[in-house]
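A look at the structure
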Amino acid sequence: MPHLCTVFNGMEKDEREILLEKFAEANRRLQIVNEQLAIANKKLKEYEEKAQKAENASKMKSLFLANMSHEIRTPLNAIEGFSRVIVETDSPEDRMKFFEIIESNNNRLQSLVNEILDLSRVESGEIVMKKSPTDLHDLCQGIKNLFKFRCPDTVRLEWENPLMTVNFNTDANRLTQVFSNLISNSLKHTASGRISYGYQIINDGQQIRFFEEDTGNGIAKEDMEHIFETYVSRDAETTKNGYGLGLPLCKIIVEKLGGSITVQSELGKGSRFEFTLPFEGTIGGIDTNKPSTTTNVRTIRISGRSDDPNKQKILVAEDEDSNYELVKIVLQKRYKLLRAHNGIEAVTINEDEHPDLVLMDIRMPEMNGLDATRIIKEVSPSTPVIALSAYAFEENIRDAKDAGCDEFMAKPFKVEALIEMVKKYLDK
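A short tour of the structure in this document, coming up. (Residues numbered from 1 in each chain as written. Predicted model: local features only at pLDDT ≥ 70, side-chain atom pairs only at ≥ 80, totals over all residues. Heavy atoms only, no water.)

Comments concerning the overall build of the protein
Secondary structure assignment for the protein yields 13 helices and 13 strands. When each of the 428 residues of the protein is scored for burial, the buried share is 41%. By sequence separation, contacts in the protein at least 24 residues apart represent 67% of the contacts at least 6 residues apart. A total of about 24,500 Å² of accessible surface is found on the protein, and carbon and sulfur atoms cover 50% of it. (Helix = DSSP H or I, 4+ residues; strand = E, 2+ residues; numbered from the N terminus. Buried < 20%, exposed > 50% of the residue type's maximum accessible area, 1.4 Å probe, protein only. Contact = heavy atoms within 4.5 Å. Areas by Shrake-Rupley, 256 points an atom, 1.4 Å probe, with all protein chains shown as cover.)

What follows is the structure in structure tokens.
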């Protein structure tokens, strides 16, 4: 067969151009066909993935319904059986024992039915979130009381109290439900160790982040992306660990409150759930229902110029992030804040920056606030130091004054009280 170049050389110029145009057209059509084939293969892959997801969802839903049947019939069987037995029992002790079994199974059945109804109602939008001012200190304390007798002796339930009063405009019942579901879920998977929960004000008071953390079994990587999906749960595969409705319900409630929920976990090392909501409310114990000459936190936060180079400097010695965040939200627009995480940092920053005022926590790592105050007062005797401490007995106040503190404020403190105290020394 003659070489292509030989064929071209034997052709007239017009014939060669026509042949080249035909080659170009053939290549263009081939490229179009390849592109169409790639699109078809992509769509086919998408259809296969959707079909696989639908098949998996169908299997999980069937498994879920099978478990629902089991979960409903099991307590019903005990209720029906022991109701008959208790009629024919003469022993008061046996009657009481059988009654407790009936009551326990009745509570189990009621809990299951309520959770199913809640999931369907919230998912369909039938339940409207009813927001009202809620004291988060009281809410978190109520959650601890709720689980006080449900935690085994091997598991500690800890509420990480940020020592600041936060009044949050939210649906208290639904927020409690989210925490309850998360803690209940942790109890299923934590044989020993601890379960902790709490909240933090973040993004300069624009958002609030709630968290729940355990030292339990953890979650496998392959389950992480599906853990909030309805009907898809490892708990639904074993009757001993429940029926897998709690986490999907948490996600729906959090999203209806305008937030989002995430999870971080590692097998054998526990899990941490966080959900973030837009913050509406007050910080620092201000009673918004009473008329007051003081402004609320949001007004305080926007007053003053953040770019003012002549702002007075306040050194805040505080190792707890949430406590520092409170002071920051209240004072950052009016003053320039410098932060120290411990007493040693406080002494160093004072020498370098020469702040106009010091807010001093007492209990801190490395060096406590009393020792730091003594050193600061030796170097800068005219610099006012205000002690902020959760230790507020008479001897604590006396120790702070003996160390050189000019004032003492007990935690939790009111925002307006802090502002007035700072003004007393800086706005003269």
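Still more ground to cover, so stick around.
A word on the sheet that holds strand β4 (residues 193-202)
Here we have five strands laid out as an open sheet, ordered β2-β4-β5-β7-β6, and mixed in their pairing. Since the sheet does not close on itself, it has two edges, and those belong to β2 (155-160) and β6 (260-266), each with one partner. Recorded for the sheet is a direction-independent mean angle of 15° between the axes of neighbouring strands. Of the pairings in the sheet, the one linking β6 to strand β7 (residues 270-278) comprises seven bridges and is antiparallel in character. (Pairing = 2+ DSSP bridges. Axes fitted to C-alpha atoms, helices over the stretch in contact; angles between N-to-C directions.)

Structural notes on helix α10 (residues 343-353)
Taken residue by residue, α10 has Gly343, Ala346, Val347, Ile349 and Asn350 as its buried positions. Buried positions along α10 lie against β9 (313-317), β10 (336-340), β11 (357-361) and α11 (369-379). Its side-chain oxygen 3.1 Å from the backbone nitrogen of Ile344, Asn342 forms the N-cap of α10. After α10 finishes, the residue His354 shows a positive phi value of roughly 50°. (Polar contact = N/O pair within 3.5 Å; in protein donor to acceptor, adjacent residues only side chain to side chain.)

Notes on unusual backbone geometry
Phi at His354 is positive, roughly 50°, even though this residue is not glycine. Residue position: His354 is located in the loop between α10 and β11. Phi is positive for Glu366, which is not a glycine, with a value near 70°. Checked against the element boundaries, Glu366 lands in the loop between β11 and α11. Residue Glu366 is classed as exposed on the basis of its relative accessible area, which comes to 65%.

Focus on the nonpolar core
Of all hydrophobic cores here, the largest spans 64 residues; its most connected members are Val166, Ile208, Phe210, Phe275, Ile314, Leu331 and Leu359. By residue number, the principal contributor to this core is helix α13 (residues 415-426), which donates seven residues. Excluding residues that lie within four positions of it along the chain, Ile208 makes contacts with Leu136, Val166, Phe168, Tyr199, Gln200, Ile201, Ile202, Phe275, Thr276, Leu277 and Phe279. With 21 residues, the next largest nonpolar core counts Ala317, Ala372, Val385 and Ala403 among its residues. (Core = buried A, V, L, I, M, F, W, Y, C linked by side-chain atoms within 4.5 Å.)

Structural notes on the sheet that holds strand β13 (residues 407-410)
Taken in spatial order, the five strands of this open sheet run β10-β9-β11-β12-β13, and their pairing is parallel. Bordering the open sheet on either side are β10 and β13, each of which pairs with just one other strand. Ignoring which end each strand starts from, the neighbouring axes of this sheet average 20° apart. Of the pairings in the sheet, the one linking strand β12 (residues 385-389) to β13 comprises four bridges and is parallel in character.

Some words on the pairing of β9
A large share of β9 lies buried, amounting to four of its five residues. Looking at chain direction, β9 and β10 are connected through five bridges and run parallel. When the sheet's bridge partners are listed, Lys313 is paired in β10 with Lys336. In terms of strand pairing, β9 meets β11 through four bridges, oriented parallel. When the sheet's bridge partners are listed, Val316 is paired in β11 with Leu359.

Examining the pattern of salt bridges
This model, assessed by the stated rule, comprises 14 salt bridges. Between Arg272 and Glu274 there is a salt bridge, with its nearest N and O atoms 2.7 Å apart. The pair formed by Arg272 and Glu274 is uniform in burial state, with each residue classed as buried. The closest approach of N and O atoms between Lys377 and Asp406, which form a salt bridge, is 2.9 Å. (Salt bridge = Lys/Arg side-chain N within 4 Å of Asp/Glu carboxyl O.)

Regarding helix α9 (residues 321-331)
Most of α9 sits out of view: nine of its eleven residues are buried. Listing the buried residues of α9 in full gives Ser322, Asn323, Tyr324, Glu325, Leu326, Val327, Ile329, Val330 and Leu331.

Details of the side chain of Ser196
Within the secondary structure layout, Ser196 lies in strand β4. A distance of 3.0 Å separates a polar atom in the side chain of Ser196 from a polar atom in the side chain of Arg194. If we skip the residues at most four places from it in the chain, Ser196 touches Glu158, Glu160, Phe211, Glu212 and Glu213.

Concerning the packing of aromatic side chains
Going through the model one piece at a time under the given rule, you end up with nine aromatic pairs. Ring geometry for Phe168 versus Phe210: centroids 6.1 Å apart, planes at 40°, classification tilted. Here Phe168, found in strand β3 (residues 166-170), pairs with Phe210, found in strand β5 (residues 207-214); they are 42 residues apart in sequence, far enough to count as distant. Judged by its relative accessible area of 0%, Phe210 falls in the buried class. Taken together, a centroid distance of 5.8 Å and an interplanar angle of 80° make the contact between Phe179 and Phe210 edge-to-face. Residue Phe179 is found in helix α5 (residues 172-189), and its partner Phe210 is found in strand β5; the two are separated by 31 residues along the sequence. Ring pairing ties together the aromatic residues Phe168, Phe179, Tyr197, Tyr199, Phe210, Phe275 and Phe279, which thus form one cluster. (Phe/Tyr/Trp six-rings, centres within 6.5 Å; stacked < 30°, edge-to-face > 60°.)

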